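What the coordinates show
Residues per chain, in single letters:
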Amino acid sequence: EKMAAALQNHALDIVLTDVPYRPSADESIENHMVGKIPIVFCAHPSLAKKYKKIPKDLNGAPLILPTAHSGIYHAIQEYFVAHRVTPNIMAEIQDVELVRRLVLSGVGVAPLNHFSVTTAPARDRLMVLDRRTTRHIFDTIYLLIKKRKKHNALIPPILERFKLAV
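Just so you know, these numbers come straight off a predicted model, no measurement behind them.

How each quantity is defined
Along each chain, residues carry numbers from 1 onward, in the same order as the chain's sequence is written. With pLDDT at 70 or above as the cut-off, local features in this predicted model cover only qualifying residues; side-chain atom pairs require 80 or more to be listed or tallied, and sums for whole chains, interfaces and linings still use all residues. Think of the side-chain values as coming from all heavy atoms in the structure, minus any hydrogens and water. The numbering of helices and of strands both runs from the N terminus, where a helix is a DSSP run of H or I of at least 4 residues and a strand a run of E of at least 2. Only protein chains enter the accessibility calculation, which uses a 1.4 Å probe. A residue is then buried if its area is under 20% of the maximum for its type, exposed if over 50%, and partly exposed in between. Contacts are assigned to residue pairs that have any heavy atoms within 4.5 Å of one another. Per-residue and other accessible areas follow the Shrake-Rupley method at a 1.4 Å probe size, with only the shown protein chains counted as cover for residues. We treat Lys and Arg as the positive residues and Asp and Glu as the negative residues; His and chain ends play no part in the count. Here the site of a charge means atom NZ of a Lys, CZ of an Arg, CG of an Asp or CD of a Glu. The salt bridge definition used is simple: a Lys or Arg side-chain nitrogen within 4 Å of an Asp or Glu carboxyl oxygen. Criterion used throughout: strands pair if DSSP finds at least two bridges between them. Here a cavity means grid points, on a 1 Å grid over the protein atoms only, where a 1.4 Å probe fits yet cannot get out; a pocket means an open set of points with protein on both sides within 12 Å along at least five of seven lines; lining residues are those with an atom within 4 Å of a point. Grid points are joined across faces, edges and corners, and a volume is the space filled by probe spheres set on the points. For this scheme, ten residues count as nonpolar: Ala, Val, Leu, Ile, Met, Phe, Trp, Tyr, Cys and Pro. Four count as charged, namely Asp, Glu, Lys and Arg, and the remainder, Gly too, count as polar.

Moving on to the overall build of the protein chain. Of the regular secondary structure elements, the protein chain holds six helices and seven strands. Reading the secondary structure of the protein chain in the N-to-C direction produces α-β-β-α-β-α-β-α-β-α-β-β-α. Taken over 166 residues, the protein chain has a buried fraction of 41%. Within the protein chain, contacts between residues separated by at least 24 positions form 75% of all contacts whose residues are at least 6 apart in sequence. Roughly 10000 Å² of accessible area belongs to the protein chain as shown, and the carbon and sulfur atoms make up 56% of that amount. Separation between the mean location of the 23 positive side-chain charges and that of the 15 negative ones in the protein chain comes to 7 Å.

Here the focus is the environment of P87. Its location among the elements puts P87 in the loop between α3 (71–82) and β4 (88–92). Its relative accessible area of 14% is what places P87 among the buried residues. Spatially, the C-alpha atoms of P87 and H32 are 34 Å apart, while their sequence positions differ by 55 residues. Discounting residues that sit within four places of it in the chain, P87 has contacts with L58, G60, A61, L63 and F80.

Right, let's get into the pattern of salt bridges. Think of it this way: side chains of opposite charge can pair up when their charged atoms draw near. Per the counting criterion, the structure on display carries two salt bridges. A salt bridge links E97 to R100; its shortest N-O distance comes to 3.1 Å. Separated by three residues within a single helix, E97 and R100 lie in helix α4 (residues 96–104), roughly one turn from each other. Assessed through its relative accessible area of 4%, R100 is described here as buried. Across the salt bridge formed by E97 and R101, the nearest N and O atoms sit 3.0 Å from each other. Taken together, the residues E97 and R101, both in helix α4 and four residues apart, mark about one turn of the helix.

This part takes up unusual backbone geometry. With glycine set apart, most residues show a phi of negative sign, and most peptide bonds adopt trans. Residues I54 and P55 are joined by a peptide bond in cis, for which omega reads 10 degrees. Summarising the element assignment, P55 is placed in the loop between α2 (45–48) and β3 (62–65). Its identity as a non-glycine residue notwithstanding, H10 has a phi of 65 degrees, on the positive side. Secondary-structure assignment places H10 in the loop between α1 (2–8) and β1 (15–17). Although it is not a glycine, R84 adopts a positive phi angle of roughly 55 degrees. Residue position: R84 is located in the loop between α3 and β4.

To continue, consider the pairing of strand β2 (residues 29–43). Alignment of β2 against strand β7 (residues 138–146), held across nine bridges, turns out to be antiparallel. Residue pairing across strands places K36 opposite T140, the latter belonging to β7. Note: β2 against strand β6 (residues 127–129), three bridges, orientation antiparallel. Residue pairing in the sheet places C42 in a bridge with V128 of β6.

Residue placement: S116 occurs in helix α5 (residues 114–118). For S116, a relative accessible area of 16% gives the class buried. In this view, S116 contacts V96 and R100; residues no more than four positions away in its chain are not counted.

This next bit is on the layout of surface pockets. Each pocket or cavity is described by its volume, and for the largest pocket that value is around 810 Å³. If you trace the largest pocket, you find 35 residues lining it, with L16, T17, D18, V19 and D139 closest to the centre. A class-by-class count of the residues in the lining of the largest pocket yields 24 nonpolar, seven polar and four charged. Quantified by volume, the second largest pocket comes out at close to 180 Å³. If you trace the second largest pocket, you find it lined by D13, E30, H32, I145, K146, K147, R148, H151, N152, I155, P156 and L159. Of all the elements in the fold, those that place two or more residues in the lining of the second largest pocket are β2, β7 and α6 (155–165). When residues in the lining of the second largest pocket are grouped by element, the largest group, three residues, is from α6. Here the residues of the lining of the second largest pocket sort into four nonpolar, three polar and five charged.

If you want it as structure tokens, here you go:
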């Protein structure tokens, strides 16, 4: 809400988010879906040995989830229901880097977007657990911009480059 207000007031030109923004009638904010990044379950190499058959092995597994306001949280919950999985939820955390650090410490298994896993420093390698199993769960990326009478010439190239990068 604060960032949308900053867009409205021209304090920001672009907002990057994982959920679309629903503008009120008096707001002129556009949502541009620029990418979908696959979600994969990850674990520390020592824990990954226990969880080879996904989703079955996630029953009772120590899981670190994103918080409930996240779109991924709801997609993961639907995945668990569809596959009759009841994990042991250790924590719900909004900060992705904190989740990565906890997984690297061996605290549990976590669903993370594939981009954040593959771009981590080599010393911080997480094991991806059977990436085929979560083919329909994605972290969706949106760029929000304010509609303007005179278009900002920087926005179209940014939108295009971001789509190519993700």
